[in-house]
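As a plain string of letters, each chain reads:
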Amino acid sequence: MEQFKSGGGEHDNPIYDSTLDEPPLYEEADFSNEERRTVRPSVVSAFGHDTLDRVPNIDFYRNAGSVSGHRAVRPSLQELHDVFQKNGAISVPDTVVDGGEGSDGTPSDDVESAEPLDSNKGAVKFGWIRGVLVRCMLNIWGVMLFIRLSWVFGQAGWGLGIVVIALSCVVTTITCLSMSAICTNGVVRGGGAYYLISRSLGPEFGGSIGLIFAFANAVAVAMYVVGFAETVVDLLKEHSAIMVDELNDIRIVGCITVVFLLAISVAGMEWEAKAQIVLLVILLVAIVNVFVGTFIPATDNKKSQGFFNYNSKIFLENFAPAFRDESFFSVFSIFFPAATGILAGANISGDLRDAQAAIPKGTLLAILITGVTYLAVALCVSATVVRDATGNITDIITSAIPCNGSAVAACELGYDFSSCHVETCKYGSMNNFQVMTMVSGFGPLIIAGTFSATLSSALASLVSAPKVFQALCKDNIYKALHFFAKGHGKNNEPIRGYILTFIISVAFILIGNLNTIAPIISNFFLASYALINFSCFHASYAKSPGWRPAYKYYNMWLSLVGALLCCGVMFVINWWAALITYAIEILLYIYVTVKKPDVNWGSSTQAVTFVSAVNNALSLSAIEDHVKNFRPQILALTGSARSRPALLDLAHSFSKNYGLCLTCEVFVGPRSEALEEMNTGIVKNKHWLRKTKRKAFYTAVVCNSFREGTETLLQATGLGRMKPNTLMIGFKGNWKTAGTEAVLSYVGVLHDAFDFEYGTMILRMNQGLDVSHIVEAEEECLKAAREQQALDNEMNGRKPKGMFRKSKKPSQQVLTTRLSVCSPSSPQVAKMNEKLLEASAQFNKKQPKGTIDVWWLFDDGGLTLLLPYILTTRKKWKDSKLRIFIAGQPGRTELDKQEMKLLLQKFRINCTDINVIDDIHVKPSSDSLKKLEDMIEPFRLHEGSKDIAQAEAMRKKHPWKITDEELETFEEKTNLQVRLNEVLQENSKSANLIIVSMPIARKGAVSDILYMAWLDILTKDLPPTILIRGNHKSVLTFYS
């Protein structure tokens, strides 16, 4: 067999056109939906011939309106599979600029789906060093490095001090590994921790943590600025330059500082990044200054304050812990907030050039560098500074005295600090927070380093809070906050968010003392870490095929340990702050859950829910059904979910949230024509069910006939034990005029339900059930109104929006369409429609006080009794009481009543009354019989007066008609239905709902027309009535 090459060579493909190797030409084309699409006229595949198929390309997999490129549209399966039209070319666009809609045509709320703005061209993007590494280091290197680190190692000793730093690094490293896995599992947009958590665990977790994380960053600005202001005020105090008093001076300096930081932030990310570089240089010089100072020979003054340069005796003495009014956990809780700056880079993920590469690399390296720095500085101090010193240069040992006690090292070095055991000294690593200033080569540099640490952390938080908050607001999870979603400038700067953060930080600065709120803020950050770790564990546990992180150095169980560690550390830092954090998060989670934001991010929560559902379905399948666990699983033939709301509402009342309810529709016609309508209907009906909070599933089939479609649904619907067992259908009120085929199909459905052992219910309401014509008219009216609005906008010079933005219909024509669609043809029709709509909403509201009359005439396994009992347990039906009606023999009414009462007691079903009807066998009145005769007259064969040959010919020509022989054979059963209607009229005319045992017609014996007449005459002119027939398997039991 010859192999064809794509160009040149021994064997040439005769159908290959070499000119198509040239660069493709693109042309603009207008489509009916007015979207701008760039179309490539022809594509030669890699296989050497013209085809609609496309080779794999990244653009096919972009979200709608992707900011990183246009989404390409591959040909649909129908375009490839349908019959080829030689005369009509099939055009498939290569790329499409979407109007911000998802692939299913619904608006997309994802940041990835945002329409790229022209103003974003030339936006400043950072690499991993300036964007992540520098920010994380500046945030982790806080005032702890210069103020409290020596105290931590003084209390814990360098032995446990190393454990404190190591444990902190373990928590942050595990969190960073989890974060790296999440952020390499797809494109990362702006929003930092919120984006990672929300896209992984869903909007409920993301929305709750996003709000408190943004708030925590806003308050953290105030904390860092107050720390800076306190240092400035201390300097003013030393030089007697206090302006008002200490507290007000802190407020003044703090507010001025925040204004200065806000100006840098609003100026743009480039200016903010430059400021961070300057602060990093100052901080690095200050850190180097500490190391240099440890090598400079100590002066007598420094020695009196406990600094002796490197000495092995001091180092060994400082190994063991010496807790004073503290414990390991309290010391750890003081140090750990210094390690909580690892999200500084991730929080500006939207401003990173390649967030997937930058966040893991920059954050892990920052943890390593800062961890080593903390450890090195702490060990240097532990090797050079004793725990206690008097600061008195006269405390020199002049005579040879034995050195004992805890100040042995100082004693051996010639200083007597033994008085520190009697009274608290001011110097030494345990007492003096300014040890770093004393140790350093040049003291003022440490003050500069302290300023740099506080200002850099404040600046990072001032940028992080608005960025995270903006991403949260863009997703519209909290609709009231959408105002803050708008960005400005090349980098889409959240100016409104900056102002809000400024207001929050100033408000907390004015408090002046943040010691109370500081533990809550630390716990807010830890809660974010815990959820990042849990997100990684949850996504791994779900084993979703979509979980494919490029970063492989993570472990799901390590992530779970990290989440538990974070939760534990929250309680170690402050138990009541941890409880407050959990309470706030739970409340926000509940709020978002109740509001149900219309977003779908493919979260791991969905994946785990799916896996759980499959496992539970499999577990159920392994267990045999038991009568005690029977519950009605309804298959309701409603057509479109909106077409028969009364039927759906009643079905939903039976199943509620505890059973299966399927609203089903059969599309009749050729599959090629009905498929598109069905697919559109599936989306619309599912959306309507969610919007109206009906707990039901919508399913549809395409078949050549209604009966065939219903048969398919009865046999194939469901999964394992999650399978319908009860068919619910509306009564065919127009059966006399619908045509023979329609009646035969309808009754055939009932026969099929009995054959497949379904319980069967038929609902009849005098006003009817079908409101589809009203729904269609409303939709047409709404469509016409939109057209009119679009035209009005166009005439007024405004740019119209939506699908009618280029409609050329004359305004008068549209107005006429609106009037014809929206206005009823006559007052009588309007009144009928009003009554129909009122009746259709009857079961969706609370039922008035009244009764549910149950006519339990035949034992069908108890379904006729169980279903009305279930209704009485629902809120809407709680004021409706059960009344039971049974057929009885004359002369033993009381006995029958007592037997039924005893049976109901055993079933534990309460009813207000039991009525025994002992005259059902009586022949119905002549008027009632006349109604039946008039009803069936058009469908009778009247073959009795003909000879045998004529009669046989008539039967063959009209096999569906009611014969005289059939009427005679089933006269008693026919009369029973007429009589039952009379009895129902007498006893249940005022009931809220009537439930009656459904008569059964034997296949092949009772004609479908006669059976329809039975059902019609039985339920005629009554309140809402349900005919019920169980499958004659027990659904009630009195055994425990």
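These numbers come from a predicted model, not from an experiment.

Asks: Would you take a moment to explain the overall build of the chain for this structure?
Replies: Within the chain, the secondary structure is distributed over 34 helices and 14 strands. Among the 1040 residues that make up the chain, the fraction classed as buried is 48%. Taking all contacts inside the chain whose residues are at least 6 apart in sequence as the whole, residues at least 24 apart take part in 78%. Carbon and sulfur atoms make up 58% of the accessible area of the chain, which amounts to about 50700 Å² in all.

Asks: Sorry, what's going on with the pattern of salt bridges here?
Replies: Once the charged atoms of two side chains with opposite charge are near each other, the side chains can pair. On inspection of all chains with the given rule, the structure shows 22 salt bridges. Here Asp649 ties to Arg694 by a salt bridge, and the two come within 2.9 Å at their closest N and O atoms. With a gap of 45 residues between them, Asp649 in helix α21 (residues 645-655) and Arg694 in the loop between α22 (671-691) and β7 (697-703) connect regions that are remote in the sequence. The exposure class of Asp649 is buried, given its relative accessible area of 5%. Using a relative accessible area of 12% as the deciding quantity, one classes Arg694 as buried. A single salt-bridge network, built from bridges that share partners, covers Lys736, Arg764 and Asp1016.

Asks: Got a minute to help me understand the sheet that holds strand β8 (residues 726-730) in this structure?
Replies: Judged by pairing direction, the sheet is mixed, and its 10 strands sit side by side in the order β7-β6-β5-β8-β9-β14-β13-β10-β11-β12 without closing on themselves. Only two strands of the sheet have a single partner each, and these edge strands are β7 and β12 (913-917). The average undirected angle you get between the axes of adjacent strands in this sheet is 20 degrees. By the bridge criterion, 7 bridges tie strand β6 (residues 661-668) to β7 in an arrangement that is parallel. Across the sheet, Val668 pairs through a bridge with Cys703, a residue of β7. Against the sheet, α21 makes contact with β5 (634-637), β6, β8, β9 (759-764) and β14 (1025-1029), and its axis sits at roughly 155 degrees relative to β8, the strand it touches most. Here helix α23 (residues 706-716) sits on the sheet in contact with β5, β6, β7 and β8, set at roughly 135 degrees to β7.

Asks: Got a minute to help me understand the side chain of Thr184 in this structure?
Replies: Tracing the sequence through the fold places Thr184 in the loop between α4 (149-183) and α5 (192-201). Within the structure, the side chain of Thr184 is placed 2.8 Å from the backbone oxygen of Ser180, a separation counted as a polar contact. Ignoring sequence-local partners within four residues, the contact set of Thr184 consists of Gln356, Pro360, Arg548, Pro549, Ala550 and Tyr551.

Asks: Please clarify how helix α20 (residues 604-621) should be interpreted in this entry.
Replies: Each full turn of the α-helix corresponds to 3.6 residues, which orients residues three or four apart in the same direction. Between its terminal C-alpha atoms α20 stretches 26 Å, which fits the 26 Å expected from 18 residues at 1.5 Å a residue. Buried within α20 we find Ser604, Ala607, Val608 and Ala617. For α20, the secondary structure elements touched by its buried residues are α5 and α17 (518-542).

Asks: Honestly, the environment of Glu972 in this entry has me stumped. Any pointers?
Replies: One can find Glu972 in helix α33 (residues 971-987). Among the residues examined, Glu972 registers a relative accessible area of 71% and is labelled exposed. Expressed as a C-alpha distance, the spacing of Glu972 and Lys923, which sit 49 residues apart in the sequence, is 8.9 Å.

Asks: Help me understand unusual backbone geometry in this model?
Replies: Working note: non-glycine residues mostly have negative phi, and peptide bonds are mostly trans. Of note in this structure, Asp325 is not a glycine but carries a positive phi near 60 degrees. Position of Asp325 relative to the elements: it lies in the loop between α10 (312-317) and α11 (328-335). Relative accessible area serves as the criterion here: at 83%, Asp325 is assigned to the exposed category. The backbone of His1032 sits at a positive phi, close to 65 degrees, despite the residue not being glycine. For His1032, the location among the structural elements is in the segment after β14. Using a relative accessible area of 48% as the deciding quantity, one classes His1032 as partly exposed.

Asks: Where do I start with a negative patch on the surface in this structure?
Replies: Side chains of Glu965, Glu968, Glu971 and Glu972 sit close together on the surface and give a patch of like negative charge. If you list the elements that add at least two residues to the negative patch, you get α32 (964-969) and α33.

Asks: Would you mind showing me how to read the nonpolar core here?
Replies: Inside soluble globular proteins, nonpolar side chains tend to come together where they are buried. Counting residues in hydrophobic clusters, the biggest one holds 137 residues, and the most contacted among them are Leu149, Leu343 and Tyr374. Element by element, the count of residues in this core is highest for helix α6 (residues 203-238), at 15 residues. In this view, Leu343 contacts Met179, Ala193, Phe213, Ser528, Tyr529 and Ile532; residues no more than four positions away in its chain are not counted. Tyr758, Met998, Ala1001 and Met1012 belong to the second largest nonpolar core, which has 55 residues in total.

Asks: I would appreciate a short explanation of the pairing of β6 in the present structure.
Replies: One face of the sheet, then the other: side chains in a regular strand alternate in exactly this way. By the criterion of burial, β6 is predominantly enclosed, with 7 of the 8 residues buried. Two elements, β5 and β6, share 4 bridges in a ladder whose sense is parallel. Following the sheet pairing, Ala636 is matched in β6 by Thr663. Viewed along the sheet, the connection from β5 through α21 into β6 turns out right-handed. For the crossover that starts at β6, traverses α22 and ends in the parallel β7, the hand is right-handed.

Asks: Would you take a moment to explain a positive patch on the surface for this structure?
Replies: On the surface, Lys595, Lys596, Lys693 and Lys695 cluster together into a patch of positive charge. For Lys695, the position within the fold is in the loop between α22 and β7.

Asks: Honestly, a nonpolar patch on the surface in this entry has me stumped. Any pointers?
Replies: A cluster of nonpolar side chains, namely Met243, Val244, Ile252 and Ile256, defines an oily patch on the protein surface of about 370 Å² accessible area. On the secondary structure map, Ile256 appears in helix α7 (residues 246-266).

Asks: What's the story with the packing of aromatic side chains in this structure? I'm lost.
Replies: Each aromatic ring pair is summarised here by two numbers: the centre-to-centre distance and the angle between the ring planes. Enumeration over the complete set of coordinates arrives at 28 aromatic pairs. Summarising the aromatic geometry, the rings of Trp158 and Phe319 are spaced 4.8 Å apart at their centres and angled 70 degrees between planes, so their arrangement reads as edge-to-face. On the criterion of sequence distance, the pair formed by Trp158 in helix α4 and Phe319 in the loop between α10 and α11 is long-range, its members being 161 residues apart. Judged by its relative accessible area of 16%, Trp158 falls in the buried class. Ring centres 6.0 Å apart and planes at 70 degrees place the aromatic pair Phe215 and Phe508 in the edge-to-face group. Note that Phe215 is positioned in helix α6 and Phe508 in helix α16 (residues 495-509), a separation of 293 residues in sequence. Phe215 sits in the partly exposed class, given a relative accessible area of 30%. On the basis of relative accessible area, Phe508 is assigned to the buried category, the value being 16%.

Here is what the cut-offs are and how they apply
- Residues numbered from 1 in each chain as written.
- Predicted model: local features only at pLDDT ≥ 70, side-chain atom pairs only at ≥ 80, totals over all residues.
- Heavy atoms only, no water.
- Helix = DSSP H or I, 4+ residues; strand = E, 2+ residues; numbered from the N terminus.
- Buried < 20%, exposed > 50% of the residue type's maximum accessible area, 1.4 Å probe, protein only.
- Contact = heavy atoms within 4.5 Å.
- Areas by Shrake-Rupley, 256 points an atom, 1.4 Å probe, with all protein chains shown as cover.
- Salt bridge = Lys/Arg side-chain N within 4 Å of Asp/Glu carboxyl O.
- Pairing = 2+ DSSP bridges.
- Axes fitted to C-alpha atoms, helices over the stretch in contact; angles between N-to-C directions.
- Polar contact = N/O pair within 3.5 Å; in protein donor to acceptor, adjacent residues only side chain to side chain.
- Expected span 1.5 Å × (residues − 1).
- Patch = residues over 30% accessible without salt bridge, like charges linked within 9 Å, V, L, I, M, F, W, Y side chains within 5 Å.
- Lys, Arg positive; Asp, Glu negative; His and termini not counted.
- Charge placed at Lys NZ, Arg CZ, Asp CG, Glu CD.
- Core = buried A, V, L, I, M, F, W, Y, C linked by side-chain atoms within 4.5 Å.
- Right-handed = clockwise from strand over helix to strand, strands pointing away.
- Phe/Tyr/Trp six-rings, centres within 6.5 Å; stacked < 30°, edge-to-face > 60°.

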